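# Examining the three-dimensional arrangement
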Amino acid sequence: MKSCPDCNSQKIIPHVKVLERGDGNASYSLRVALEENPDALFFKGRTYSNIKASVCADCGFIQFYAEDPKTLWATYQNRRNDV
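What you are looking at is a predicted structure, and each value in this text was computed from that prediction instead of being measured. (Residues numbered from 1 in each chain as written. Predicted model: local features only at pLDDT ≥ 70, side-chain atom pairs only at ≥ 80, totals over all residues. Heavy atoms only, no water.)

### A look at the pattern of salt bridges
Within this structure, the stated rule accounts for two salt bridges. One salt bridge connects Lys11 with Asp58, and the closest N-O pair in it is separated by 3.7 Å. Here Lys11 is found in the segment before β1 (12-17), whereas its partner Asp58 is found in the loop between β5 (46-56) and β6 (62-66), with 47 residues between them in sequence. Looking at Lys11, the relative accessible area reads 52%, which means it is exposed. A relative accessible area of 46% means that Asp58 is categorised as partly exposed. (Salt bridge = Lys/Arg side-chain N within 4 Å of Asp/Glu carboxyl O. Helix = DSSP H or I, 4+ residues; strand = E, 2+ residues; numbered from the N terminus. Buried < 20%, exposed > 50% of the residue type's maximum accessible area, 1.4 Å probe, protein only.)

Here's what the structure looks like:
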């Protein structure tokens, strides 16, 4: 994001980690998952990508991005069943 789509500010903070808390208050990166074989009982061929964000320093607008979109795309192209 070069400028904020909400307020047009140029004050953009890129590559911000998006975290969640898990068991024992451990910190984990939030991520997206795509399955190559979504209908399979086992061995679904799940591919993950961490999520990063860009944040507007003026209004707080947040835009999310997958860190590894090419790997997600390759998994999507190899899907055996269209969901």
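Picking up where we left off.
### Description of the state of the cysteines
Going through the model one piece at a time under the given rule, you end up with zero disulfides. Of all cysteine sulfurs in the structure, the one in Cys56 sits closest to Cys7, which takes part in no disulfide; the separation is 3.7 Å. (Disulfide = S-S within 2.5 Å.)

### Digging into unusual backbone geometry
Glycine aside, residues mostly have negative phi angles, and peptide bonds mostly take the trans form. With phi around 65°, Asn25 is a residue other than glycine that occupies positive phi space. Residue position: Asn25 is located in the loop between β2 (19-21) and β3 (27-29).

### As for a nonpolar patch on the surface
There is a patch of nonpolar side chains on the surface, built from Leu41, Phe42 and Phe43 and spanning about 470 Å² of accessible area. Along the chain, Phe43 falls in the loop between β4 (31-35) and β5. (Patch = residues over 30% accessible without salt bridge, like charges linked within 9 Å, V, L, I, M, F, W, Y side chains within 5 Å. Areas by Shrake-Rupley, 256 points an atom, 1.4 Å probe, with all protein chains shown as cover.)

### Notes on the environment of Lys17
Locating Lys17 in the fold gives a position in strand β1. Residue classification places Lys17 among the exposed residues on the basis of a relative accessible area of 64%. Separated by 47 residues in sequence, Lys17 and Phe64 have C-alpha atoms that sit 9.9 Å apart.

### Looking at the packing of aromatic side chains
Throughout the structure, instances matching the rule amount to one aromatic pair. One residue, Arg31, lies across the ring of Tyr48, its end atom 3.7 Å from the ring centre. (Phe/Tyr/Trp six-rings, centres within 6.5 Å; stacked < 30°, edge-to-face > 60°. Lys NZ or Arg CZ within 6 Å of the ring centre and 35° of its normal.)

### What about the pairing of β5?
With four bridges connecting them, β1 and β5 associate as antiparallel partners. Within β5, the residue paired with Val16 across the bridge is Ala53. Inspection of the sheet shows β4 paired to β5 by five bridges, in the antiparallel sense. Following the sheet pairing, Ala33 is matched in β5 by Tyr48. Alignment of β5 against β6, held across five bridges, turns out to be antiparallel. Note on β6: the bridge partner recorded for Ala53 is Phe64. The hairpin turn running from β5 into β6, its antiparallel successor, is five residues long, and Gly60 in that turn takes a positive phi close to 90°. (Pairing = 2+ DSSP bridges.)

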